[in-house]
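As a plain string of letters, each chain reads:
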Amino acid sequence: MQKAAPPKVSFVSLGCPKALVDSERIITRLRAEGYELARKHDGADLVIVNTCGFLDSAKRESLGAIGQAMAENGKVIVTGCMGAEPEQIEAAYPGVLSITGPQQYESVLDAVHRALPPLHNPHIDLVPPQGIKLTPRHYAYLKISEGCNNRCSFCIIPKLRGDLVSRPANDVLREAEKLVSAGVKELLVISQDTSAYGVDLKYAPSPWKDREVRARFLDLAQALGEFGVWIRLQYVYPYPHVDEVITLMREGKVLPYLDIPFQHASPEILKAMKRPAAQEKTLARISKWREECPELTLRSTFIVGFPGETDSDFAYLLDWLEEAEIDRVGCFKYEPVAGAASNGLGGAVAEEVKQERWNALMSRQQKISARRLKRKVGTRQQVIVDEVGPTVAKGRSKADAPEIDGAVYLSSRRPLRVGEIVTAKIERSDQYDLHGSVAGF
């Protein structure tokens, strides 16, 4: 008797690392039920598109991905942030099978089951204990909470994903333990507001091993640091208690790296943005952090062209950037998002002015980045290998998050392996990357 072929699902994951974690959870459940992943839409029984709905440009990309899936396959299930406001999707593609919002794993699975029932085989466990990951084997994103309590005027994430819901500390630590056991060398701690972790739980402790760990940013970072792998903290708002984690960085418990979305520096613009933890003492705090942990790398994102941003506000931002010496910067031109409070603000900035300011900021940042990297020439840095080539390998230092920061290009006397951590002697630098040779294994 010929066995029935397992049902095949093609998957598109758009948006931020938090959406990627949602995709991994859905895929893990599907693989556990016997579904296979197809590389192409036209070879699959159906397609799942995990959308991003944060900006209009992201919505256009999501609609394009749905359209491509409809054209190449015809059976499409849509989930993710754009699914929280389904009208636009329904209008463009009335034939999609199902539309659900972010984090609605059960609804996605129900839709898959209706359209493509699973094959039942209780004798086979198809899923490794750590689940299915869409990132390379040596690093993984660790999502510690969902949603956000902030009400930034340009953002609709709380509307799409709801208020902050933190995971108990032992739940996070169990997942981290599984990932490390499976060979993960770097955990990237993410959420919408990582340093607000646990506030909704009133920092309640939960049992872990022989003790209790509080659902608190510092306590969780401390416990994660005990796994002996790289712990990278991302999306950290600069609340006062963030100062406490710098000690863990100095001690080598977590990476000396903070991803803080400052978004601007002008007090007037920060007020209009309704940014939390926006305070005038930020430069003094950065100086103190670097004094305590000289190896600290700071990454941030900024928005130019926010409604009401004057030439004076922008000049203030450039001066602040110069003094703060942020190592890694991403910059966005302000886009009005449907449903955002900032749409009601006056003082719209012309598109050509936004572009000029974006160019000016990135040009200034390029010089700052080059200056910061040049200081590392002649030093030895630990590097995790991401890709290997015939003569040169590409990796990242402790100062580099995957996909958003720079890289370290390495020559080596012996072949390197992906996921290996080596010691590199840095021989030269450019605006964003370092170049060197392996000096130890």
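Residues numbered from 1 in each chain as written. Predicted model: local features only at pLDDT ≥ 70, side-chain atom pairs only at ≥ 80, totals over all residues. Heavy atoms only, no water.

### Points about the environment of Ala92
In this structure, Ala92 sits in helix H3 (residues 87-92). The exposure class assigned to Ala92 is partly exposed, which follows from its relative accessible area of 40%. In the structure, Ala92 is positioned 26 residues away from Ile66 in sequence and 9.4 Å away in space, judged by C-alpha atoms. (Helix = DSSP H or I, 4+ residues; strand = E, 2+ residues; numbered from the N terminus. Buried < 20%, exposed > 50% of the residue type's maximum accessible area, 1.4 Å probe, protein only.)

### Observations concerning the packing of aromatic side chains
Evaluated as defined, the whole model comprises 7 aromatic pairs. On the numbers, 6.3 Å between centres and 90° between planes, the contact of Tyr139 with Tyr141 is edge-to-face. Each of the two residues, Tyr139 as well as Tyr141, counts as buried. Ring pairs connect the aromatic residues Phe154, Phe306 and Tyr334, which therefore count as one cluster. Note that Arg232 overlies the ring of Tyr257, its terminal NZ or CZ placed 4.5 Å from the centroid. Over the ring of Tyr139 we find Arg396; its NZ or CZ atom is 5.3 Å from the centre of that ring. (Phe/Tyr/Trp six-rings, centres within 6.5 Å; stacked < 30°, edge-to-face > 60°. Lys NZ or Arg CZ within 6 Å of the ring centre and 35° of its normal.)

### Topic: the side chain of Glu325
Tracing the backbone through its elements, the reader meets Glu325 in the loop between helix H11 (311-324) and strand E15 (328-333). Overall, the relative accessible area of 15% leaves Glu325 in the buried class. In contact with Glu325, not counting residues within four places along its chain, are Arg290, Ile368, Arg371, Arg372 and Arg375. (Contact = heavy atoms within 4.5 Å.)

### Some words on helix H1 (residues 17-32)
In this model, H1 (16 residues) spans 22 Å end to end at C-alpha, consistent with the 22 Å of a helix rising 1.5 Å per residue. Most of H1 sits out of view: 12 of its 16 residues are buried. Within the span of H1, buried status applies to Pro17, Lys18, Ala19, Leu20, Val21, Asp22, Ser23, Glu24, Ile26, Ile27, Thr28 and Leu30. Trailing H1 by a residue or two, Gly34 shows a phi angle of about 95°, which is positive. (Expected span 1.5 Å × (residues − 1).)

### Focus: the sheet that holds strand E17 (residues 392-397)
One closed barrel accounts for 5 strands, arranged E16-E17-E18-E20-E19; its pairing is mixed. Each adjacent strand pair in this sheet contributes to an overall mean axis angle of 55°, direction not counted. As paired elements, strand E16 (residues 380-388) and strand E19 (residues 421-429) share 5 bridges and run antiparallel to each other. Within the sheet, the bridge partner assigned to Arg380 lies in E19 and is Lys425. (Pairing = 2+ DSSP bridges. Axes fitted to C-alpha atoms, helices over the stretch in contact; angles between N-to-C directions.)

### Here's the deal with the side chain of Ser23
Inspection of the secondary structure assignment puts Ser23 in helix H1. Polar contacts involving the side chain of Ser23 include one to the side chain of Asn50, which spans 2.8 Å. (Polar contact = N/O pair within 3.5 Å; in protein donor to acceptor, adjacent residues only side chain to side chain.)

### Details of the sheet that holds strand E4 (residues 76-80)
Spatial strand order, E2-E1-E3-E4-E5: 5 strands in an open sheet with parallel pairing. Among the strands making up the open sheet, the edge pair consists of strand E2 (36-37) and strand E5 (98-99). Bridge analysis of strand E1 (residues 8-13) against E2 gives 2 bridges, and the strand direction is parallel. Counterpart to Val9 in the pairing with E2 is Leu37. Across the face of the sheet, helix H2 (residues 56-72) comes into contact with E1, strand E3 (46-51) and E4 while running at roughly 180° to E3.

### Here we look at the pairing of E15
Strand direction decides the pairing type here: strand E14 (residues 297-304) and E15, joined by 6 bridges, are parallel. Looking at the pairing, Ser300 lines up with Val329 of E15. Regarding topology, H11 serves as the crossover connection from E14 to the parallel E15, and that connection is right-handed. (Right-handed = clockwise from strand over helix to strand, strands pointing away.)

### Here we look at the pairing of strand E11 (residues 211-214)
Examined bridge by bridge, strand E10 (residues 205-208) and E11 share 4 bridges and lie antiparallel to one another. Each residue of the ladder has a partner; that of Trp208, found in E11, is Arg211. Where E10 folds back onto E11 in an antiparallel hairpin, the turn is made up of 2 residues, including Lys209, whose phi is positive at roughly 55°.

### A look at the nonpolar core
Of all hydrophobic cores here, the largest spans 54 residues; its most connected members are Leu233, Leu258 and Leu361. With residues up to four places along the chain from it excluded, the contact list for Leu258 reads Leu233, Val236, Val242, Ile246, Met249, Trp289, Leu296, Thr297, Leu298 and Arg299. Among the nonpolar cores identified, the runner-up in size contains 15 residues, and Phe11, Ile26, Ile77 and Tyr105 belong to it. (Core = buried A, V, L, I, M, F, W, Y, C linked by side-chain atoms within 4.5 Å.)

### Description of the packing of H11 against helix H12 (residues 351-374)
How two helices pack is summed up by the angle between their axes together with the distance between the axes. Their axes nearest at 10 Å, the elements H11 and H12 cross at an angle of 10°. As summarised for this structure, H11 and H12 are arranged roughly parallel, according to the angle between their axes. Residues Asp311, Phe314, Leu317, Leu318, Leu321 and Glu322 of H11 pack against Arg357, Ala360, Leu361, Arg364, Gln365, Ile368 and Arg371 of H12. Of the residues that constitute the contact of H11 with H12, the class distribution is 7 nonpolar, 1 polar and 5 charged. (Parallel < 35°, antiparallel > 145°, perpendicular 65-115°, else oblique. Nonpolar A, V, L, I, M, F, W, Y, C, P; charged D, E, K, R; others polar.)

### Focus on the confidence of the model for the protein
Overall, the prediction assigns the protein a mean pLDDT of 88, with 95% of residues at 70 or greater. Considering only residues more than four positions removed or in separate chains, one finds that residues 122-126, a stretch of pLDDT under 50, has 2 contacts. (pLDDT = per-residue confidence, 0-100.)

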